[in-house]
Amino acid sequence: MAVEVILPKVDMDMETGAVHAWKVREGDAVRAGDVLFEISTNKAAMEVEAPASGIVRGIAAEEGATLPVGTIVAWICAPDEQPPARAEPAEVRAHVAAGGSPAPAKPAAPAGAISREPSALRATPLARRLATSLGIDLRQVPGSGPRGRIVSDDVDRHAGEMQSTVASAGARNGAVIAADARVIEAGRPRVRRVPLTAVQRIAAQRLVESVRTAPHFAVSAHIEMQALIDLRARLAPRIEEQTGIRPSLTVLLARIAGHLLPRHERINGSMEGESVCLHGDVNIGIAVDRDGELMVPVLKRAGERSLAELTAELARLRKEIEDRAIRPADLTGGTFTISNLGMYGVDSFSAIINPPESAILAVGRTVATPVGRDGQIVLVPRATFTLSCDHRLVDGVLAARFMRDLREAIEHPEVLI
Amino acid sequence: MDQLDGKRDAIAMTTELQIRTGANQRPELAALDDDVLRAALLKMHLIRRFEETAEDSYARGLVHGTMHLSIGQEASAVGAVLALEPKDYILSTHRGHGHCIAKGADPGRMLAEFFGKETGYCRGRGGSMHIADVEGGNLGANGIVGGGLPIAVGVGMSLRAQKRDSVCMVFFGDGATNEGAFHEALNMASIWRLPIVFLCENNKYGMSMDVGRAMAVANVADRAAAYAIPGVSVDGNDLPAVAAAARAAVERARAGDGPSLVECKTYRIRGHSKSDRNLYRTRQEIEEWRDRDPIRRLEDELLRHDRLSREELRVIAERAEQQITAAVEFAGTSPDPRVDELTRDVYAD
Amino acid sequence: MPNEIVAHGAGVRECSYAEAIREALAQAMEADGRVFLFGEDVGVYGGAFGVSGDLFHRFGPERVIDTPISELGLAGAAVGAAITGMRPVLEIQFSDFITLAMEQVVNQAAKIHFMFGGKASVPLVIRLPGGSGTGAAAQHSQSLEAWFAHVPGLKVVQPSTPHDAKGLLLAAIDDPNPVLIFEHKLLYKTKGPVPVEPYRVPIGKAAVRREGTDITVVATSIMALRAEAAAQRLAAEGISAEVIDLRTLRPIDFPTVAESVRKTHRLLTVYEGVKTMGIGAEVSAMIAESEVFDFLDAPIARLGGAEVPLPYNPALEKAAVPQEDDIVAAVRRLVREGEA
């Protein structure tokens, strides 16, 4: 019977590690106690010895690849024995990664590549159930139970890890998609089945929850943008000088919302159980897309911070999202959300509320629009703002009052800045 | 009513006259008046025709399970039950159609049970081997040899505790007397002097096992001595003899003097069950017993002593035929149980 | 009839399991002339384990009946009395002897109601002292309750406390079906609070003896007491065990077990009967078949009697059935190591 060689836990709270250097090669004969490989942790390097005598087969870890503790990295076999089958590296396909950026030609190194055979995977029913509901691939989860059985705690721990290390696993996430994507059998080649990413799953759950529980209604207003455009033009050089970034319309709108919302506390509120939570802070979430993943980083206390600060902050958040380094704290705590699709040429749209918030502001493009003024038709830059509200907290009049104040603020923004 | 009573009086007078004029009748026969004999003969015919019809239905594939026919044993069933009143109980056996009809069951509902119908005595859940007519005092046939014997003890205890003057007659075959239950039941009934009649129908075979090979005593009744109770053997194909023996046992039980053992020596003409190929007995033996057919014997005796006329006998046979025809009609047109009620009545509410 | 446990405040006092049974019998006989007790040595002798005690003198030989040694006949007599209007309570001296009466219990009592299309009911009670621990060896120490829990038409209960011994017996006497009560010989002298007034413990309802979050221990009869003691010890080491006393084997209270396992994610069954094909297998299978399966975070484990006739030697006898230490160890294994 082949004996598995695992990447051992050699350090307290060590959850991943890497084979630093193999000391044996495929097919080498070893005796129990011989050094098989060096393991590197963030503290030290250690030698790992053969757990049995026999032939080394099925080496499955690239040097330097970060793997979860407990991953099988090789087998010690009898001379005439083959190691148990494992996932084919060929399954890791280069071109499936979202965004189409070409992946390295050799099998991707991350954990996804070294996956355990699903049939050999040991996990308790609860762990399986949990993994399914969290969208976690059990093959990525190190098991702490007997003979590596995955229990619910392992899945929980892994889920926590995933959240906090989304960024560092930048490449890895792509590879997970790659590993899981299954091109459906020949004959129906145009259909691909791509599992949702963890972020997509969470977003999907929250959106469904929102639509199910919050009775949505929307109010719209066309608002003239000239004053805001002028203000941005006036402030931009100074802000760019301070931060190196030009302030976006979105940042200006976040600043304005931050200013207005303390006076519209229900629109800044949230539904929690049977009561309405009214928040002292105004934290503005900004809807951001990352390769099909909807993320909402939060500008904390937007009404109390300068435009320069908010500009720099939003830039940082965007970059961290792009780098997959965003921290959960930056993705939580929002009290109101702005979604701006104007840059894509969208005229107007209504958005789904980001639960448990009570409203979301959808911003369309600014377009030169003929309007009647003093008996003349003139062209003014105008955008359509649509506020979706949770009718449990916000009624039509409250929404209308906010839109009235929003129009006032956008059309006369100087007072705010 | 008046007319009927008048007729009954006339019959009673006739009987008395015959006895007085010394018409050479056995006392066992003389003890039964014409009405009782008519009713008894009707029941014997009903049993015979019921079983023949059941057999025919089986051949036609209308009956699901097997059945145990008592053709040839009608005198012991009817004769024994003649001694009982409606308030009395019987416990029956797997070969129990005769007991059931004798105790007054409706052949239509019995046949419906055979056919597995909802209108059957057991709503199609019991079949031939478990027909019970609790209201009519029949506490059930039994699929277990000797199964009714210990139950009879409990019925006897119950009657005693409730101070009822009913008795319990428990039927069993010769085979059951070799079960431990027989010993336990007779012993307890005797020590507690329970109102029970142990009625053994010795039909010579326990399935294929000849009674002479299965027990060392000559008669089942001999075993009564072990319990210090009366034990009597009678010709089980002789209705008046069975009735007389049963009456004595019932009277003793009702008087509080305890149980008796009555053995009716009889013979089943058909095989043990429908799968019996009669490998253990000879055709000649079967023919000899056919000659002692209890129905024909009774009819001959009644004619010989002018108790009933040929015409009366014909009418009785005809009535039996009509009742069975009606029973077939009723059973055939009755509804089947509903499959979604499968687990109904596993527990009483 | 009230089907609830009646709490009587002042009317509750300590008494033994045997006394509780005797009190139930006396109260049932006082309340209902149809009830009578019979069996071997239940009269003048007062019962082999002293359960019937003075009942013979209080109710007379017509209501407390000494019988010959005839288990089959007695079981049949119970059936006959039950179907003709009485409420017999039969004591089988040692539960092992019920093997002599299987025919009447399984073929007759259990089936008559169904077989007769619902037209007769069989309201009888059979009391069966069972279990090991008294040095009575192989033919006087068995736990055969699972055999009967396999038979539709029978009800099977196993009280573990004086309170339940009385309440279940009164409920059994009320019940229109044959009910087998497996008492435990070692429990007769155990004491506990028992209301003086008659009350019923519902048949078919398990009791959560102790709440916990890490593991559900489903136990029967004396094992429920051992499981409770084990849980107490385990609490000291930070393991929170929920203990369920099944109380009734048929009809089994699956919802209570399922709800608990859904919460704790682990299941251990503890029973004295031989482990294989026993109560634990049934409880385990019910969980494995149910939607609770998906909530298991460890294998299901069983602790049952050893695969051996019960031995005489005290050390061997003890080793043949689960003890408190065994339960503690099994729970630790399941919770700490995830191993059955």
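This report concerns the structure included in the present document.

Rules behind the numbers
- Residues numbered from 1 in each chain as written.
- Chains lettered and ligands numbered in written order.
- Predicted model: local features only at pLDDT ≥ 70, side-chain atom pairs only at ≥ 80, totals over all residues.
- Heavy atoms only, no water.
- Helix = DSSP H or I, 4+ residues; strand = E, 2+ residues; numbered from the N terminus.
- Buried < 20%, exposed > 50% of the residue type's maximum accessible area, 1.4 Å probe, protein only.
- Areas by Shrake-Rupley, 256 points an atom, 1.4 Å probe, with all protein chains shown as cover.
- Contact = heavy atoms within 4.5 Å.
- Pairing = 2+ DSSP bridges.
- Axes fitted to C-alpha atoms, helices over the stretch in contact; angles between N-to-C directions.
- Parallel < 35°, antiparallel > 145°, perpendicular 65-115°, else oblique.
- Left-handed = near helix turned anticlockwise from the far one by under 90°.
- Buried area = accessible area lost by both parts, 1.4 Å probe.
- Salt bridge = Lys/Arg side-chain N within 4 Å of Asp/Glu carboxyl O.
- Polar contact = N/O pair within 3.5 Å; in protein donor to acceptor, adjacent residues only side chain to side chain.
- Nonpolar A, V, L, I, M, F, W, Y, C, P; charged D, E, K, R; others polar.
- Core = buried A, V, L, I, M, F, W, Y, C linked by side-chain atoms within 4.5 Å.
- Domains from an automatic or database assignment.
- Phe/Tyr/Trp six-rings, centres within 6.5 Å; stacked < 30°, edge-to-face > 60°.
- Lys NZ or Arg CZ within 6 Å of the ring centre and 35° of its normal.
- Lys, Arg positive; Asp, Glu negative; His and termini not counted.
- Disulfide = S-S within 2.5 Å.

Thoughts on the overall build of chain A
Line of reasoning, step 1. Looking only at helices and strands, chain A has 8 helices and 21 strands in total.
Line of reasoning, step 2. For chain A, the residues scored as buried account for 47% of the 417 residues in total.
Line of reasoning, step 3. Here chain A displays about 21,000 Å² of accessible surface, and carbon together with sulfur accounts for 52% of that area.

Comments concerning the overall build of chain C
Line of reasoning, step 1. Helix and strand content of chain C: 12 helices and 14 strands.
Line of reasoning, step 2. Residues classed as buried in chain C amount to 63% of the 340 residues present.
Line of reasoning, step 3. Restricting the contact set of chain C to residue pairs at least 6 apart, pairs at least 24 apart contribute 83%.
Line of reasoning, step 4. Within the structure as shown, chain C displays about 12,000 Å² of accessible surface, and the carbon and sulfur contribution to it stands at 55%.

Some details on the sheet that holds strand S1 (residues 3-6) of chain A
All names here are of chain A.
Line of reasoning, step 1. Pairing is antiparallel across the open sheet formed by 4 strands, whose spatial order is S1-S8-S6-S3. Lying at the two open borders of the sheet, with one neighbouring strand each, are S1 and strand S3 (29-30).
Line of reasoning, step 2. Pairing of strand S6 (residues 54-57) with strand S8 (residues 72-77) involves 3 bridges; the strand directions are antiparallel. Residue pairing for S8: Ile55 is matched across the bridge by Cys77.

Some words on the sheet that holds strand S6 (residues 155-157) of chain C
Residues and elements named next belong to chain C.
Line of reasoning, step 1. Here 7 strands make up an open sheet; going across it, the order is S3-S2-S4-S5-S7-S6-S12 and the pairing mixed. Two strands lie at the open edges of the sheet, namely strand S3 (64-66) and strand S12 (248-250), each paired on one side alone. Going across the sheet, the axis of each strand differs from the next one's by a mean of 20 degrees, ignoring polarity.
Line of reasoning, step 2. Pairing of strand S5 (residues 125-130) with strand S7 (residues 179-184) involves 6 bridges; the strand directions are parallel. Across the sheet, Ile126 pairs through a bridge with Leu180, a residue of S7.
Line of reasoning, step 3. Helix H1 (residues 17-31) rests against strand S2 (35-39), S3, strand S4 (87-91), S5 and S7 of the sheet, and its axis sits at about 130 degrees to S2.

Here's the deal with the environment of Pro215(A)
Residues and elements named next belong to chain A.
Line of reasoning, step 1. Among the secondary structure elements, Pro215 is positioned in the loop between helix H4 (198-213) and strand S11 (216-224).
Line of reasoning, step 2. For the pair formed by Pro215 and Leu393, sequence separation is 178 residues and the distance between their alpha carbons is 9.7 Å.
Line of reasoning, step 3. When residues no more than four places from it in sequence are discounted, the contact partners of Pro215 are Cys389, Asp390, His391 and Arg392.

Focus: the packing of helix H7 (residues 148-161) of chain B against helix H8 (residues 180-191) of chain B
All names here are of chain B.
Line of reasoning, step 1. Packing of H7 against H8 leaves a shortest axis separation of 8 Å and a crossing angle of 20 degrees. Judged by the inter-axis angle, H7 sits roughly parallel to H8. Crossing geometry of H7 relative to H8 is assigned as left-handed. Within the contact between the two elements, H7 uses Leu149, Pro150 and Val153 and H8 uses Ala181, Phe182, Ala185, Leu186 and Met188.

Details of the interface of chain B and chain C
Line of reasoning, step 1. Contact residues are listed per partner, giving 39 residues for chain B and 41 residues for chain C.
Line of reasoning, step 2. Roughly 3,000 Å² is buried in total at the junction of chain B and chain C, and carbon and sulfur atoms are behind 67% of that figure.
Line of reasoning, step 3. Looking at the side of chain B facing chain C, the largest losses of area belong to Ile151(B), Tyr347(B) and Ala348(B), adding up to 19% of the total buried there.
Line of reasoning, step 4. Taken together, the connections running from chain B to chain C amount to 0 salt bridges.
Line of reasoning, step 5. Inspection of the chain B/chain C interface yields 14 residue pairs in polar contact (both at pLDDT 80 or more).
Line of reasoning, step 6. Going through the elements one at a time, H7 and H8 of chain B are the ones with two or more residues in the side of chain B that touches chain C.
Line of reasoning, step 7. Counting residues per element, the side of chain B that touches chain C draws most heavily on H7(B), which supplies 8 residues.
Line of reasoning, step 8. Its residues placed into classes, the side of chain B that touches chain C shows 21 nonpolar, 10 polar and 8 charged.

Describing the nonpolar core
Line of reasoning, step 1. Core analysis: the biggest nonpolar cluster contains 87 residues, and Phe198(B), Leu261(B) and Phe148(C) have the highest contact counts within it.
Line of reasoning, step 2. No other element matches helix H3 (residues 71-83) of chain C, which puts 8 residues into this core.
Line of reasoning, step 3. Lining this core are residues from two domains, each supplying at least three of them: domain 1 (11-195) and domain 2 (207-339) of chain C.
Line of reasoning, step 4. Look past the residues within four positions of Phe198(B) in its chain and what remains in contact with it is Leu149(B), Val170(B), Phe172(B), Ala185(B), Leu186(B), Ala189(B), Pro259(B), Ser260(B), Leu261(B) and Val262(B).
Line of reasoning, step 5. Judged by nonpolar contacts, the second largest core, of 63 residues, contains Leu37(C), Ala165(C), Ile181(C) and Ala231(C).

Concerning the side chain of Ser52(C)
Line of reasoning, step 1. The topology assignment puts Ser52(C) in the loop between S2 and helix H2 (55-59).
Line of reasoning, step 2. Contacts of Ser52(C), omitting those with residues within four sequence positions, involve Arg22(C), Leu37(C), Val42(C), Gly46(C) and Gly47(C).

Thoughts on the packing of aromatic side chains
Line of reasoning, step 1. Applying the stated criterion across every chain, the model contains 15 aromatic pairs over all chains.
Line of reasoning, step 2. Their ring planes at 70 degrees and their centres at 5.5 Å tell us that Phe50(B) and Phe114(B) sit as a pair that is edge-to-face. On the criterion of sequence distance, the pair formed by Phe50(B) in helix H3 (residues 34-59) and Phe114(B) in helix H6 (residues 107-114) is long-range, its members being 64 residues apart. Across this residue pair, the class does not change: Phe50(B) and Phe114(B) are buried.
Line of reasoning, step 3. Ring-pair connections join several aromatic residues into one group, and the members of that group are Tyr17(C), Phe49(C), Phe94(C), Phe97(C) and Tyr188(C).
Line of reasoning, step 4. In this structure, Arg109(B) packs its charged tip against the face of Tyr121(B), placed 4.2 Å from the ring centre.

Quick notes on the interface of chain A and chain C
Line of reasoning, step 1. Between chain A and chain C, the contact holds 11 residues from the first and 11 residues from the second.
Line of reasoning, step 2. Summing both sides of the interface, chain A and chain C together bury roughly 820 Å²; the carbon and sulfur share of this comes to 54%.
Line of reasoning, step 3. When the area that chain A buries against chain C is broken down by residue, the three leading residues are Pro125(A), Leu126(A) and Arg129(A), summing to 57%.
Line of reasoning, step 4. Taken together, the connections running from chain A to chain C amount to 1 salt bridge.
Line of reasoning, step 5. In this assembly, chain A and chain C are joined by 6 residue pairs in polar contact (both at pLDDT 80 or more).
Line of reasoning, step 6. Residue assignment for the side of chain A that touches chain C shows that the elements contributing at least two residues are helix H1 (125-134) and helix H2 (152-164) of chain A.
Line of reasoning, step 7. Ranked by residues supplied to the side of chain A that touches chain C, first place goes to H1(A) with 4 residues.
Line of reasoning, step 8. Of the residues contributing to the side of chain A that touches chain C, the split by class is 5 nonpolar, 2 polar and 4 charged.

Quick look at the side chain of Arg63(C)
Residues and elements named next belong to chain C.
Line of reasoning, step 1. Tracing the chain through its elements places Arg63 in the loop between H2 and S3.
Line of reasoning, step 2. One buried charged side chain, Arg63, makes no salt bridge at all; its nearest oppositely charged neighbour is Asp32, positioned 6.4 Å away.
Line of reasoning, step 3. Residues contacting Arg63, with those up to four places away along its chain left out, are Met29, Asp32, Gly33, Val35, Phe36 and Leu37.

As for the pattern of salt bridges
Note on pairing: side chains with opposite charge can pair once their charged atoms come close.
Line of reasoning, step 1. For the structure on display, the rule yields 70 salt bridges over all chains.
Line of reasoning, step 2. A salt bridge links Asp175(C) to Lys155(C); the shortest N-O distance between them is 2.8 Å. You can see Asp175(C) sitting in the loop between helix H7 (162-174) and S7 and its partner Lys155(C) sitting in strand S6, a full 20 residues away along the chain. Of the two residues examined, Asp175(C) and Lys155(C), each falls in the buried class.
Line of reasoning, step 3. When salt bridges with common partners are traced through the structure, they connect Arg305(A), Glu309(A), Glu313(A), Arg316(A), Glu320(A), Arg327(A) and Asp330(A) into a single cluster.

What to know about the pairing of strand S21 (residues 376-390) of chain A
Residues and elements named next belong to chain A.
Line of reasoning, step 1. Both S11 and S21 contribute to a ladder of 9 bridges, which runs antiparallel. Bridge pairing in S21 places Phe217 opposite Cys389.
Line of reasoning, step 2. Where strand S19 (residues 359-363) meets S21, 5 bridges bridge the pair, whose relative direction is antiparallel. Looking at the pairing, Leu361 lines up with Leu387 of S21.
Line of reasoning, step 3. Counting the residues in the hairpin turn of strand S20 (residues 367-373) and S21 gives 2 residues, including Asp374, whose phi is positive at 50 degrees.

Some remarks on the state of the cysteines
Residue and element names in this part refer to chain B.
Line of reasoning, step 1. According to the stated counting rule, one finds 0 disulfides over all chains in the structure shown.
Line of reasoning, step 2. With no disulfide of its own, Cys100 has Cys122 as its nearest cysteine by sulfur position, at a separation of 8.7 Å.
Line of reasoning, step 3. A relative accessible area of 0% places Cys122 in the buried class.

Overview of unusual backbone geometry
Line of reasoning, step 1. In this chain, Pro355(A) is followed by Pro356(A) through a cis amide linkage whose omega measures 5 degrees.
Line of reasoning, step 2. If you trace the backbone, Pro356(A) turns up in the loop between strand S18 (336-340) and S19.
Line of reasoning, step 3. With an omega dihedral of 0 degrees, the bond running from Arg250(C) to Pro251(C) counts as a cis peptide bond.
Line of reasoning, step 4. Tracing the backbone shows Pro251(C) in the loop between S12 and helix H9 (254-264).
Line of reasoning, step 5. The backbone phi angle of Asp291(A) is positive, close to 50 degrees, even though this residue is not glycine.
Line of reasoning, step 6. Here the phi dihedral of Ala228(B) falls at roughly 55 degrees; this positive angle occurs in a residue that is not glycine.
Line of reasoning, step 7. Structurally, Ala228(B) can be placed in the loop between helix H9 (211-214) and strand S6 (231-235).

Bear in mind that shape data such as this cannot, by itself, settle questions of function.
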